[in-house]
Each structure stands twice: as structure tokens, then as C-alpha cells.
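Structure assessment
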Amino acid sequence: MIHCAPKRLVASFAARRAIHTVTDLRSDTVTRPTKGMLRAATEAPLGDDVMGEDPTVNALEEFAADLFGKERALFCPTGTMANLAAILSHCHYNKSSEIIIGAKSHINLYEGGGYANIAGVSSKQVVEDENGYMQSGGIRDNYRLDDDDHYAKTTLLCLENTHNMLGGVTLPASYIDQVGNLAHEELGIKVHIDGARLMNSVAKQNISPSELIAGADSASICLSKALGAPMGSLLVGETEFIRLARRARKRLGGGMRQAGVMASMGMYALTNHVERLAEDHARAERIAAELHNAGFPMPRNGKVDTNILFFALPENSKVTKEELPKLLLDKYNVLIAGGYSKGGRLFRLVTHMDVDDDGVDAAINGIISLCL
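Let me begin by describing the structure that accompanies this report.

Calculation criteria
- Residues numbered from 1 in each chain as written.
- Predicted model: local features only at pLDDT ≥ 70, side-chain atom pairs only at ≥ 80, totals over all residues.
- Heavy atoms only, no water.
- Pairing = 2+ DSSP bridges.
- Helix = DSSP H or I, 4+ residues; strand = E, 2+ residues; numbered from the N terminus.
- Axes fitted to C-alpha atoms, helices over the stretch in contact; angles between N-to-C directions.
- Salt bridge = Lys/Arg side-chain N within 4 Å of Asp/Glu carboxyl O.
- Buried < 20%, exposed > 50% of the residue type's maximum accessible area, 1.4 Å probe, protein only.
- Contact = heavy atoms within 4.5 Å.
- Polar contact = N/O pair within 3.5 Å; in protein donor to acceptor, adjacent residues only side chain to side chain.
- Expected span 1.5 Å × (residues − 1).
- Arc of directions from axis to C-beta.
- 1 Å grid on protein atoms, 1.4 Å probe; cavity = no way out; pocket = protein on both sides within 12 Å on 5 of 7 lines; lining within 4 Å.
- Points joined across faces, edges and corners; volume = space filled by probe spheres on them.
- Nonpolar A, V, L, I, M, F, W, Y, C, P; charged D, E, K, R; others polar.
- Core = buried A, V, L, I, M, F, W, Y, C linked by side-chain atoms within 4.5 Å.

Thoughts on the sheet that holds strand β6 (residues 190-195)
- The sheet built from seven strands is open, its strands ordered β2-β8-β7-β6-β5-β3-β4 with mixed pairing. Taken across any chain shown, the strands that pair with only one partner, and hence form the sheet edges, are β2 (72-76) and β4 (122-126). Between one strand axis and the next, the sheet turns by 20° as a mean value, whatever way the strands run.
- One ladder, built from five bridges, connects β2 with strand β8 (residues 233-237); its direction is antiparallel. Across the sheet, residue Ala 73 finds its bridge partner in β8, namely Val 236.

What follows is the structure in C-alpha cells.
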């Protein structure tokens, strides 16, 4: 007997999006490839990247190495894989390694614990301040030498720039240089930057990428977040570091064949979508200013550095945190993500290249009208 699926009572989000103009503020990962990206993909010369023969991937890696001021670069499918490959590379020769990471960092919270369950590395977490800084005292307190049989040996320190869970705050080059000096000169360890949105930091600070990360040994850069490519991340560092990271990428299942199809769109994003990031920042600042002025509790008193902001509902809100996302979508065609922080009281909004001024207006008007 053939059983038919029950008739859907509610239209799916995909169908709704096809009919209505939905402003999706859940993340900057929801963007769709531009015509320029798709054209680049269809015209890209291709080869087998596992064999090192894809000319488009090779060109992207050479361009990235030069742009970020490092010797080599590696194209990875995802940012999580790029960070894990970096950890595996830095800790390759020390199988009892420990890394120092931020307590609210993406590596610690949102990458499946890969550093522990795949790389076999333990960690110490340092609580960041509201600006994303791990203070030098906290780093020193969590550093451990291998002179005690009870301890793993600290091998690596990881920073995040911009910092997702702290609302897209930027780390300046001066701080990265300071931490780099502490790590290299005093502690004898390496520094890796999770730079999923590093180009947002570059745009905000009006600084060159190479100058911004000069104090670090390696960095990952996501092409599929604010830059708008459909997939891919870059990992940059010294030649030997990248050699080991390439081996790690293969073990993680990240060896790709005609990857130039995706690398071409990443190259297009990296060369065409950086200057426009200031537009995303301005829109996020406008939303934050309106919500803060209306009385919505916000971290850092509503100050926004880049394209991410968090807010909570005021005590006199007419709707609950569970009701707001559904009502906002039904009445204003705006999608938002909630459930952040302990108790899930915070909402996160992320502006990106598919969000325009009309969408920002709809979000502001909808949130304020529904809540107050």
C-alpha cells in the first residue's frame, strides 16, 4: 500500500520566501550568490585540488596569502574545519597539547568540541571582557608548562575577531600585537585567530588585513558569512603550518576535487564585497540605536562595531520572547533568531548584503510595535 504524505496545513518558509520579501536577520550565512559570483563559477578554470592542480583554487590561495601577509594559504570547505585544521597543525608535534580559548568563543561553544573529540586537545577557557579581550593576567594564569606530570602543555592561544557572541566587537591590531608578544616572547606558544568575520574588522578599522593579523601566526577567514559566498573558508600561515593543515584537512574529509567552482565565488566575494561591509555596519548601528532609544536592554548600552547586535525584551513587553519571532515573521516578514545567553533572553540580529534599508525599517517598526 502506498501511503501519501499528509497535506501541509502551513506553508513552508521556503514557499513563503518565494511569495513575500522576507528580511532574514538570523545570520549573514543566509545570503544567496550574486550574478557575478555565478558567472565566475561557470567560467572558472578547473582541476583536481587534491592533486594541487586546480588553477582557480591555487590563485585564490596565492591571493589570500599576499592579502593577509602570510607565506601560504589553504582553501577549506568550512570555517569550523579551517579552525580545527589550524589546531591540528599547531599541535601536530605535541600530543599532550592544551589550548587557551575564550569562554564565549565560537571554537569553544559552536564547533562541536572538535578540538577535544577530534584533535585530542584539552583546553583552558578565559572569560573575555565586553570588548572581546582576554586579559594578559588571565592568559598567564591559564598557561601551563610541561614541567609537572599532572598538566598538559599549553601550545596555542586562540582569539576571535570579530567576536560573534559579544556582538561583533573588533579586536584592534594593537591588542593582537600585544597578545602576540606575550605568547611568543614570554610563553613560547603560537597564536591563531578565528577570523570568520575578519574582513568586517578590517572594514571597521580601515586597516589592511596583513597589518591587522601581523601579531598572529595563523588566521581563518570565512568567505560565506559577511562576504556572501555560498561556502568556503581560508586558512593562512607559514609554509610548514599550511603543509600540516593540508594534511589535517584531508583527514577531516576536506579534500576537494574541482573546487575552483566554489573558490571562484570566494575570490569574487573577497575582491568585490569588502568595501560594501560598511553598509551592513551602518544598518546594524541604526537598528541598535532605535531599539536602545526605545528602551530595549542591549549589551554595551547599544554600541555596535560591525554587523551583529543583541537585544532583550523590556520588562513591559507585550509579547514574550517565544512569541516575538513568529509574530515578527507573520506580520512584518522579518526573521530573527533568539535563545542566546543564559535563559535564552537575548535575540541576535545580523545584517548582510541581502538586507536593505526597507528591511531594516520593517525590523525596527515590527519589533517596537509588537513589544511596546
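What about the pattern of salt bridges?
- Inspection of every chain in the model, using the stated rule, returns 19 salt bridges.
- In this structure, the salt-bridge partner of Arg 246 is Glu 61, at a minimum N-O distance of 3.5 Å. Here Arg 246 is found in helix α11 (residues 239-251), whereas its partner Glu 61 is found in helix α3 (residues 55-67), with 185 residues between them in sequence.
- Where Arg 243 meets Glu 240, a salt bridge forms, and the shortest distance between an N and an O atom there is 2.9 Å. In this pair, Arg 243 and Glu 240 are both assigned in helix α11, three residues apart and thus about one turn of the helix distant.
- The exposure class assigned to Arg 243 is partly exposed, which follows from its relative accessible area of 40%.

Remarks on the pairing of strand β12 (residues 346-350)
- Where burial is concerned, most of β12 is hidden: five out of the five residues are buried.
- Both faces of β12 are covered, namely the face carrying Leu 346, Arg 348 and Val 350 and the face carrying Phe 347 and Leu 349.
- Where strand β11 (residues 337-340) hands over to β12, the hairpin turn is made up of five residues, of which Ser 341 adopts a positive phi near 75°.

Looking at the environment of His 352
- Among the secondary structure elements, His 352 is positioned in the loop between β12 and α15 (357-371).
- Residue His 352 is classed as buried on the basis of its relative accessible area, which comes to 1%.
- Considering only alpha carbons, one finds His 352 and Leu 84, 268 residues apart in sequence, at a separation of 26 Å.
- Not counting the four nearest positions on each side in its chain, His 352 is found in contact with Asp 24, Ser 27, Asp 28, Val 30, Thr 31, Arg 276 and Asp 280.
- Engagement of the side chain of His 352 in a polar contact is seen with the backbone oxygen of Ser 27, the distance being 3.5 Å.

Focus: α11
- In this model α11 runs 19 Å from its N-terminal to its C-terminal C-alpha over 13 residues, within 8% of the 18 Å that 1.5 Å per residue would give.
- For α11, the full list of buried residues reads Phe 241, Ile 242, Leu 244, Ala 245, Ala 248 and Arg 249. Looking down the long axis of α11, one finds its buried residues gathered within 165° of arc, a one-sided arrangement.
- Elements that come into contact with the buried residues of α11 comprise β2, α4 (79-90), β7 (218-222) and β8.

What about the sheet that holds β11?
- Strand order in this open sheet of three strands is β9-β12-β11, and the pairing throughout is antiparallel. Edge positions in the open sheet fall to β9 (308-312) and β11, since each of these has one partner strand only. Taken over all neighbouring pairs, the strand axes of this sheet differ in orientation by 35° on average, direction set aside.
- Bridge analysis of β9 against β12 gives five bridges, and the strand direction is antiparallel. Following the sheet pairing, Leu 309 is matched in β12 by Leu 349.

Comments concerning empty space enclosed by the protein
- Using the criterion set out here, one finds four cavities of 30 Å³ or more in the structure.
- In terms of lining residues, the largest cavity is bounded by Leu 166, Gly 167, Met 298, Pro 299, Arg 300, Gly 302, Lys 303, Val 304, Ile 308, Leu 309 and Phe 310.
- Here the lining of the largest cavity is built from residues that sort into seven nonpolar, two polar and two charged.
- Of the pockets and cavities examined, the second largest cavity occupies roughly 50 Å³.
- Contributing to the lining of the second largest cavity are Thr 80, Asn 83, Leu 84, Ile 87, Ile 107, Glu 111, Gly 114 and Tyr 115.
- The set of elements that each furnish at least two residues to the lining of the second largest cavity consists of α4 and α6 (114-117).
- If you tally residues by element for the lining of the second largest cavity, the top one is α4, at four residues.

Considering the nonpolar core
- Counting residues in each nonpolar core, the largest one holds 50 residues, and the members touching the most others are Phe 75, Leu 159 and Met 199.
- A per-element tally of this core places helix α8 (residues 173-187) first, with seven residues.
- Of all hydrophobic cores here, the second largest spans 26 residues; its members include Leu 291, Leu 324, Val 334 and Ala 362.

A few points about helix α13 (residues 277-293)
- Given a rise of 1.5 Å per residue, 17 residues ought to cover 24 Å, and the 24 Å separating the end C-alpha atoms of α13 matches this to within 8%.
- Of the positions making up α13, those classed as buried are Leu 277, Asp 280, His 281, Arg 283, Ala 284, Ile 287, Ala 288 and Leu 291. The buried residues of α13 occupy one face: seen down the axis, they fall within an arc of 165°.
- Its buried side turned inward, α13 meets α9 (198-205), β9, β12 and α15.
- Positive phi appears at Gly 295, one or two residues downstream of α13, with a value of about 100°.

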